[in-house]
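Examination of the molecular architecture
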Amino acid sequence: MQFNLKAVLIPVALSVVVLSTAYIVNGAPTASDSMQAEEIKKEGGSKPLSAAMKTMGFNFKRSISAKTLDELQGYVDEFHAYAEKAKKAGYSEDPEAFQTGVSELLTGLSSVQDAINAGDLDLAKNRMKALNDIKKQYHGKFDV
Ligand code: HEM
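Everything in this summary refers to the structure shown in the same document. (Residues numbered from 1 in each chain as written. Predicted model: local features only at pLDDT ≥ 70, side-chain atom pairs only at ≥ 80, totals over all residues. Heavy atoms only, no water.)

So, the packing of aromatic side chains
Note the threshold: Side-chain rings of Phe, Tyr and Trp (the six-membered ring for Trp) are treated as a pair once their centres are within 6.5 Å; stacked means planes under 30 degrees apart, edge-to-face means over 60, and tilted covers the remaining angles. Summary of the burial criterion: residues with accessible area below 20% of their type's maximum are buried, those above 50% are exposed, and those between are partly exposed, where the area comes from a 1.4 Å probe applied to protein chains only. Helix and strand assignments come from DSSP, with helices taken as H or I runs of at least 4 residues and strands as E runs of at least 2, each series counted from the N terminus. Working rule: Lys NZ or Arg CZ, within 6 Å of ring centre, within 35 degrees of ring normal, means a charge sits over the ring.
All told, the structure shown has three aromatic pairs when counted by the stated rule. Ring centres 5.9 Å apart and planes at 45° place the aromatic pair Y91 and F98 in the tilted group. Among the residues examined, Y91 registers a relative accessible area of 6% and is labelled buried. With relative accessibility at 5%, the residue F98 sits in the buried group. Aromatic side chains Y91 and F142 sit 4.9 Å apart centroid to centroid with 45° between the ring planes, which places their arrangement in the tilted category. Here F142 lies in helix α6 (residues 121–142) and Y91 lies in the loop between α4 (69–89) and α5 (95–117), a separation of 51 residues in the sequence. Among the residues examined, F142 registers a relative accessible area of 13% and is labelled buried. Every member of this aromatic cluster is reached through a ring pair, and the members are Y91, F98, Y138 and F142. The lysine or arginine in question, K85, covers the ring of Y82, its NZ or CZ lying 5.1 Å from the ring centre.

Digging into the site of the ligand
The test is simple: If even one non-hydrogen atom of a residue comes within 4 Å of a molecule or strand, that residue is called near it. As used in this structure description, the phrase polar contact means that two N or O atoms lie within 3.5 Å; if the pair is within protein, one of them must be able to donate a hydrogen and the other to accept it, and residues adjacent in sequence are counted only when both atoms belong to side chains. Gly counts as polar in this scheme, as do all residues outside two lists: the nonpolar Ala, Val, Leu, Ile, Met, Phe, Trp, Tyr, Cys and Pro, and the charged Asp, Glu, Lys and Arg.
Surrounding the ligand, one finds 21 residues, the nearest of these being S46, S50, M53, K54 and H139. In this structure, an oxygen atom belonging to the ligand sits 2.6 Å away from a side-chain N or O atom of S50. Contacts to the ligand include H139, whose side-chain N or O atom sits 2.8 Å from a nitrogen atom. At the level of elements, α3 (47–63), α5 and α6 are the ones that each hand at least two residues to the shell around the ligand. In terms of residue count, α3 provides more of the shell around the ligand than any other element does, six residues in total. For the shell around the ligand, a count of residues per class yields 11 nonpolar, six polar and four charged.

Concerning the nonpolar core
What counts here: To define a nonpolar core, start from buried Ala, Val, Leu, Ile, Met, Phe, Trp, Tyr and Cys residues and group those joined through side-chain atoms within 4.5 Å. Any two residues whose heavy atoms approach within 4.5 Å at even a single point are treated as in contact.
Ranked by internal contacts, the top residues of the largest apolar core, which has 28 residues, are F79, M128 and L131. Contributing elements (two or more residues each) for this core: α3, α4, α5 and α6. Ranked by residues supplied to this core, first place goes to α5 with nine residues. For F79, the residues in contact, after removing those within four places along its chain, are M56, N59, F60, L105, L109, M128 and L131.

Structure, rendered in structure tokens:
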């Protein structure tokens, strides 16, 4: 069996060219690349908490322009599920105040649910809007 040097060298040479081009264009990976991802999160925060908050925010916005009780119920259910996820994720910077805040939020949310159950869309939406005050209070407290 003949050893074909070209068949080995050409792919190797091509890979060297491609990899070194990527290295030149992107620069060598540095410690700050992984640190940057960490810096995006506030101290004490976490990816699961941030993801839960984002989904809460999305459902909060949709809920205040809901046109029907059924539509609102869907957003409230998802908001509730993600508020529970946020509660589980916790906030290591100030765990106790965080749990107090999430409990206030969940209590407020159950008053939204009461208004939905009573068939009062406007009251439910107004109570939902009032949750923004709890958000402001705690975001302010934690400077997030
Ligand atoms: C209507 C209620 C709330 C909404 C819509 C909301 C929404 C959000 C959003 C959109 C973020 C930014 C997430 C990101 O981009 O990474 C955030 C961050 C945060 N929120 Fe809320 N929030 C609410 C209530 C609360 C409450 C009651 C607390 C505390 C008890 C709280 C604690 C935090 C913390 C600690 C962060 C920073 C998370 C991190 O950096 O990992 N939020 N929230």
